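Each chain, letter by letter, is given below.
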Amino acid sequence: MRGRSDGGQKKRLITSVCVFALFLGFIYLYHGSIFGSSRGASALEYGSRSLRKLGSSYLGGDDDADGKQEDSTKFGQEDGEDDIIPKSFPVCDDRHSELIPCLDRNHIYQMRLKLDLSLMEHYERHCPPPERRYNCLIPPPAGYKIPVKWPTSRDEVWKANIPHTHLAHEKSDQNWMVVKGEKIVFPGGGTHFHYGAGKYIASIANMLNFSHNNINNEGRLRTVLDVGCGVASFGAYLLKHDVIAMSLAPNDVHQNQIQFALERGIPAFLGVLGTKRLPYPSRSFELAHCSRCRIDWLQRDGILLLELDRVLRPGGYFAYSSPEAYAQDEEDLKIWREMSALVGRMCWIVAAKRNQTVVWQKPLSNDCYMEREPGTQPPLCRSDSDPDAVWGVQMEACITPYSDHDHKVQGSGLAPWPARLSSAPPRLADFGYSDDMFEKDTEMWRRRVESYWNILSPKIESDTLRNLMDMKASMGSFGAALKGKDVWVMNVVPEDGPNTLKLIYDRGLIGTIHNWCEAFSTYPRTYDLLHAWTVFSDIEKKSCSAEDLLLEMDRILRPTGFVIIRDKQSMVDFVKKYLTALHWEAVGIDSTSDSDQDGDEVVLVIQKKLWLTSESIREAE
């Protein structure tokens, strides 16, 4: 009897343990999925099982997804400390496929930030603290395809890549964009140029008496700021004139306009004229442009026009196409009179006015400022105010006067484009740099870029790359070395280093200031190549998370895009340990170094694989 009883007890015990284990497993899965959802992560498992072939575009699963764990030492830790490098990162929920962490409206609501909507503060950067970051990979939308290649992409993109067609309906009478089957087509229209940006640009050149109606004015007009750019057709059609525009718009009610611009291969940036200075140094642009950008230029003593004044070069232009410039109703006439009075006090003059457009011109020297009556508003900025400080700096309602040097030369002193690309910029002296240092830097990066292309050549065609980013641009010589390629470069200068961005603009290139401890102001999947020169070493010094930086790079990199990491061997080794988790693949390495520069740097070239979530695959099928 005791034997049978013991056996029954054992069976009951085993049954109870199994039931309890199943119950615990259910609780784990349930709460695990909720936790993952709260962090923006789906329960989708990574590895070869979660990847599916998508035609010839798929680059293959992870060859080493065998469950083995790599040993590693994370930088910032002592040798021998335990550190687990993940074999996979969780995937963000599909609803986060267009997440911009520092411009996320949901974050603003959740944190109950008290922002002044009338000043557009809700469109400015508000980054989540580390504990609220989405530590997951951003999935592509359902049916995502490798983007259409430039220059065809100027006129059409895949609808699946940006599945937002409301602008096509909302702006149907203005020829912004048209849905045609699986593609979205861009006829080149805009709010004030329904018949195409090309004719509109030629008309502005004609108004200013530029030779042959060419907006580049024989190379003297090169950099343009297009405020409230829409889908950036103005900037798209400037490119054939050897003019490059920084197309700027917020992530507002016309959502995804900047995403459309970048998908088309047009330089663009998410930003707003709100309370903070634009992330560009003084005297960066020859032309600012606003076509019905719906900005109240008279607010706060004209502070927004004064911000444009700060970033315009001596003699720079502001082309303004809006009802105030031509309409005859009482309200528009009132605004026109007040704007005219304001820009007059700013010493701008009307360079041309025709039909729906007026073009004002900024003075070449301080003479007009000095001749104003005492107490005239707006005032000149204080002498100790740095016009080039922009990272998180509040705008000021004051006029930025020229330096003594610029006042004397009455202009920027820049060579016409393209000579200015290789000419030593006049503002080199601001950093104590010599012309010889500039020339050596230019030549060094010419050699390095040539080496990069030799590594990339088996993987790319002439049209593979279009949107490039130099994550630590110094004097812009990486971008300058790419002049012969059909690409453009977003040159990023660290916010805590020498503000060499003004040298980059003086060379006829574009860029912005940024802190790589935070997310960049762009949509996911917008760059074909990221160049990271000692960026990871910089992150280590700041004690920021290198994992966060890797996830951010993956967010902004297009599927099948490339990363070039140039850094110390220890930094390169650290990145290599995360390739599997990120679904990146090493395609080349170069340990040779320049004899005269940074002998311990190693180059690692990586390609991002195309992957889809199982949900995206089901929807696509």
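Residues numbered from 1 in each chain as written. Predicted model: local features only at pLDDT ≥ 70, side-chain atom pairs only at ≥ 80, totals over all residues. Heavy atoms only, no water.

Caption draft 1: Up close: empty space enclosed by the protein. Inspection of every chain in the model, using the stated rule, returns six cavities of 30 Å³ or more. Approximately 280 Å³ is the volume found for the largest cavity. As for the largest cavity, its lining consists of 21 residues, of which Pro101, Arg133, Ala519, Asp548 and Glu552 are closest to the centre. Looking at the lining of the largest cavity, its residues break down into 14 nonpolar, two polar and five charged. (1 Å grid on protein atoms, 1.4 Å probe; cavity = no way out; pocket = protein on both sides within 12 Å on 5 of 7 lines; lining within 4 Å. Points joined across faces, edges and corners; volume = space filled by probe spheres on them. Nonpolar A, V, L, I, M, F, W, Y, C, P; charged D, E, K, R; others polar.)

Caption draft 2: Broad picture of the state of the cysteines. Applying the stated criterion across every chain, the model contains six disulfides. The disulfide bridge from Cys92 ends at Cys136, spanning 2.0 Å between sulfur atoms. What sets the handedness of the Cys92 and Cys136 disulfide is the S-S torsion sign, and at about 85° it is right-handed. Taken as a pair, Cys92 in strand S2 (residues 91-92) and Cys136 in the loop between helix H2 (105-111) and strand S3 (156-158) lie far apart in primary sequence, 44 residues in all. Grouping residues by exposure puts Cys92 and Cys136 together as buried. At a sulfur-sulfur separation of 2.1 Å, the disulfide partner of Cys347 is Cys368. With the S-S dihedral at roughly -85°, the linkage between Cys347 and Cys368 falls on the left-handed side. In this pair, Cys347 is assigned in the loop between helix H8 (330-345) and strand S11 (349-354) and Cys368 in helix H9 (residues 367-371), connecting sequence segments 21 residues apart. Assigning the bonded cysteines of the protein chain consecutive numbers by sequence position, one obtains the connectivity 1-4, 2-3, 5-6, 7-8, 9-10, 11-12. (Disulfide = S-S within 2.5 Å. Helix = DSSP H or I, 4+ residues; strand = E, 2+ residues; numbered from the N terminus. Buried < 20%, exposed > 50% of the residue type's maximum accessible area, 1.4 Å probe, protein only.)

Caption draft 3: Up close: the side chain of Glu601. Tracing the sequence through the fold places Glu601 in strand S19 (residues 601-608). Overall, the relative accessible area of 5% leaves Glu601 in the buried class. Polar contacts involving the side chain of Glu601 include one to the side chain of Trp533, which spans 3.1 Å. For Glu601, the side chain forms a polar contact with the side chain of Arg566, separated by 3.0 Å. (Polar contact = N/O pair within 3.5 Å; in protein donor to acceptor, adjacent residues only side chain to side chain.)

Caption draft 4: Broad picture of the pairing of strand S7 (residues 244-249). When you tally the buried positions in S7, you get six out of six residues, the bulk of the element. Because side chains alternate across S7, one face comprises the buried residues Ile244, Met246 and Leu248, and the other comprises Ala245, Ser247 and Ala249, equally buried. Where strand S6 (residues 223-227) lies against S7, five bridges are found, and the strand directions are parallel. Paired with Val224 across the two strands is Ala245, which belongs to S7. After leaving S6, the chain enters helix H5 (residues 233-238) and then returns to the sheet as S7, a path that is right-handed. Pairing geometry for S7 and strand S8 (residues 268-270), over three bridges, is parallel. The residue of S8 that forms the bridge with Leu248 is Phe269. (Pairing = 2+ DSSP bridges. Right-handed = clockwise from strand over helix to strand, strands pointing away.)

Caption draft 5: Representation of the packing of helix H7 (residues 299-311) against H8 in the model. It is at 11 Å that the axes of H7 and H8 come closest, and there the two elements cross at 60°. Classified by the angle their axes make, H7 and H8 are oblique. In this structure, the crossing between H7 and H8 has a hand that is right-handed. Judged by residue contacts, Asp301, Gly302 and Leu305 of H7 engage Met339, Leu342 and Val343 from H8. Residues belonging to the contact of H7 with H8 are distributed by class as follows: four nonpolar, one polar and one charged. (Axes fitted to C-alpha atoms, helices over the stretch in contact; angles between N-to-C directions. Parallel < 35°, antiparallel > 145°, perpendicular 65-115°, else oblique. Left-handed = near helix turned anticlockwise from the far one by under 90°. Contact = heavy atoms within 4.5 Å.)

Caption draft 6: Quick look at the layout of surface pockets. Looking at the largest pocket, its volume works out to about 620 Å³. Lining of the largest pocket is provided by 37 residues; of these, Gly228, Asp252, Arg292, Cys293 and Arg294 occupy positions nearest its centre. Every element with two or more residues in the lining of the largest pocket is listed here: S6, H5, S7, strand S9 (285-291) and H7. For the lining of the largest pocket, a count of residues per class yields 18 nonpolar, 13 polar and six charged. In this structure, the second largest pocket occupies an estimated 440 Å³ of space.

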